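Coordinates in review
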Amino acid sequence: MKPDFSKNAEESPEPCKAEIKGTLPDWLQGTLLRNGPGIFTVGDTSYNHWFDGLSIIHSFAFKDGEMIHRSRFLRSDTYKSNMAANRIVVSEMGTMAYPDPSKNFIVKAITFLNHTVPDFTDNGASNIIKYGNDFFATLETNYICKIDPVTLETQEKVDYMKYLPVNLASSHAHYDKEGNAFNIGTSIADKGKTKYTFFKVPAASEKDKAENTLALKNVEVISTVPCRSLLTPSYYHSFGMTENYFIFIEQPFKLDILKMTTAYMRGINWASCLKFCPDEKTEEQANRWT
């Protein structure tokens, strides 16, 4: 599906009461938070893939037969940099950003070096994850953005790597009945090994709530699974979780890290560094977590 880059979304940060046709059931109480791409064109530049668009967050609050909506663009560092330059200057998976042709050689050289060892985007347009009492707009890089679940204001950029060694992480955590969150990330060439890391973010304690402690400070590594290849980890969207086990599929659809480091100079995007390896098997891993 080719996106219509001529149409950017508009945010509506003030609460707006919806017109209800029919009736909402009495038991429908609570707030649904969703996010996705909302801005596809910045200045004269446009994204090449719908998933790359700058994030917009929506809130649908249901109470007493009414629904209140509001929306707000995620004020990520990516958003701020693009808006300040009035052009796309931060690369996404399907869109490689190149310097303004009018910029000097030094600016171009710095941009090249930044893409050789890429510092990924923080444009959280994939999902909303709750860790403890904290809500985050997420994508599949090591960056997530903490948001206010009521006003939708962006509060803080958080780097997973400050709390556990994962360069990439799923946007789709799972939860148990106690409110603990479980997720998976990829550690690339950490101490000479590439591995998949299952981790737990405990439910917020009363002390954490009182002190407003960032939930990720209490993260626990549950188990790790070695990757079959140092520089070509498997791509995954999520994982399975039962009452006792994590279920992980290591598929032969892989991310080529070496190609990623040279993608900028070759004029290709990072998504093109994904490759299917038909001669490799699909392996299923079951890891006990309880």
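Now for a look at the structure at hand.

From N to C terminus, the chain includes four helices and 20 strands. Here the C-alpha atoms of the chain give a radius of gyration of 20 Å, agreeing with the 19 Å that 2.2 N^0.38 yields for 290 residues. In terms of overall dimensions, the chain has a C-alpha envelope of 55 × 50 × 40 Å along the principal axes. When the 290 residues of the chain are sorted by exposure, 43% land in the buried category. Within the chain, residue pairs in contact and separated by at least 24 positions form 60% of the contacts whose partners lie at least 6 positions apart. With 32 positive and 35 negative side-chain charges, the chain shows a separation of 3 Å between the mean positions of the two kinds.

Okay, the pairing of strand β8 (residues 134-138) next. Burial analysis of β8 places four of its five residues in the buried class, the great majority of the element. Pairing analysis gives five bridges linking strand β7 (residues 127-131) to β8, with the strands arranged antiparallel. When the sheet's bridge partners are listed, isoleucine 129 is paired in β8 with phenylalanine 136. As consecutive antiparallel partners, β7 and β8 are separated by two residues, and within that stretch glycine 132 has a phi angle of approximately 60°, a positive value.

With that settled, consider the sheet that holds strand β2 (residues 30-39). Two orientations exist for strands paired in a sheet by backbone hydrogen bonds: parallel and antiparallel. Across the sheet, four strands lie side by side as β1-β6-β5-β2; this open sheet has antiparallel pairing. Strands with a single pairing partner mark the edges of an open sheet, and in this sheet they are β1 (16-17) and β2. As paired strands, strand β5 (residues 54-63) and strand β6 (residues 66-73) are joined by eight bridges and run antiparallel to one another. Note on β6: the bridge partner recorded for isoleucine 57 is arginine 72. Its contacts with the sheet place helix α1 (residues 77-85) against β2, β5 and β6, and it is angled at close to 125° to β5.

A word on the packing of aromatic side chains. The final tally for this structure, using the stated rule, is 17 aromatic pairs. Measuring from centroid to centroid gives 6.5 Å for tyrosine 131 and tyrosine 160, while their planes differ by 75°, and the two rings are edge-to-face. Residue tyrosine 131 is found in strand β7, and its partner tyrosine 160 is found in the loop between β10 (154-159) and β11 (168-169); the two are separated by 29 residues along the sequence. In this structure, tyrosine 131 and tyrosine 160 share a single accessibility class: buried. Taking NZ or CZ as reference, lysine 157 lies 4.1 Å from the ring centre of tyrosine 143, over its face.

This part takes up the pattern of salt bridges. Taken as a whole and judged by the stated rule, the model has 10 salt bridges. A salt bridge links arginine 75 to glutamate 11, with the shortest nitrogen-to-oxygen separation between them at 2.7 Å. Taken as a pair, arginine 75 in the loop between β6 and α1 and glutamate 11 in the segment before β1 lie far apart in primary sequence, 64 residues in all. Residue lysine 275 pairs with aspartate 256 through a salt bridge whose shortest N-O separation is 3.3 Å. Of this pair, lysine 275 sits in strand β19 (residues 274-276) while aspartate 256 sits in the loop between β18 (253-255) and α4 (257-266); the two residues are 19 residues apart in sequence, bridging distant segments of the chain.

This paragraph deals with the sheet that holds strand β9 (residues 143-147). Taken together, the four strands give an open sheet; going across it, the order is β7-β8-β9-β10, and neighbouring strands pair in antiparallel fashion. Two strands close off the open sheet at either side, each with one partner strand: β7 and β10. In this sheet, neighbouring strand axes are inclined to one another by 35° on average, regardless of whether the strands run parallel or antiparallel.

Moving on, we get to the state of the cysteines. One pass over the full model with this rule turns up zero disulfides. Considering cysteine sulfurs only, cysteine 277 is the nearest to cysteine 227, which forms no disulfide, with 11 Å between them. Classification of cysteine 227 as buried rests on a relative accessible area of 13%.

In this section: the pairing of β5. For β2 and β5, the ladder comprises nine bridges, and the chain directions are antiparallel. Each bridged residue has a counterpart across the sheet, and for glycine 36 the counterpart in β5 is isoleucine 56. In sequence, β5 turns back onto β6 through a hairpin of two residues, with aspartate 64 there showing a positive phi of about 50°.

Let us look at the environment of tyrosine 163. Note that tyrosine 163 resides in the loop between β10 and β11. Tyrosine 163 gets classed as partly exposed once you look at its relative accessible area, which sits at 27%. Between the alpha carbons of tyrosine 163 and phenylalanine 246 there is a distance of 21 Å; along the sequence they are 83 residues apart. Among residues more than four places away in sequence, those in contact with tyrosine 163 are Val158, Leu214, Leu216, Lys217 and Val219.

It is worth spelling out α1 at this point. Considered for burial, the residues of α1 that qualify are Thr78, Tyr79 and Asn82. The buried residues of α1 occupy an angular sector of 100° when the element is viewed end-on, so they sit on one face. Among the structural elements, β2, β3 (41-42), β5 and β6 are those in contact with the buried residues of α1.

Basis of the calculations
- Residues numbered from 1 in each chain as written.
- Predicted model: local features only at pLDDT ≥ 70, side-chain atom pairs only at ≥ 80, totals over all residues.
- Heavy atoms only, no water.
- Helix = DSSP H or I, 4+ residues; strand = E, 2+ residues; numbered from the N terminus.
- Rg over C-alpha atoms; globule rule 2.2 N^0.38 Å.
- Buried < 20%, exposed > 50% of the residue type's maximum accessible area, 1.4 Å probe, protein only.
- Contact = heavy atoms within 4.5 Å.
- Lys, Arg positive; Asp, Glu negative; His and termini not counted.
- Charge placed at Lys NZ, Arg CZ, Asp CG, Glu CD.
- Pairing = 2+ DSSP bridges.
- Axes fitted to C-alpha atoms, helices over the stretch in contact; angles between N-to-C directions.
- Phe/Tyr/Trp six-rings, centres within 6.5 Å; stacked < 30°, edge-to-face > 60°.
- Lys NZ or Arg CZ within 6 Å of the ring centre and 35° of its normal.
- Salt bridge = Lys/Arg side-chain N within 4 Å of Asp/Glu carboxyl O.
- Disulfide = S-S within 2.5 Å.
- Arc of directions from axis to C-beta.

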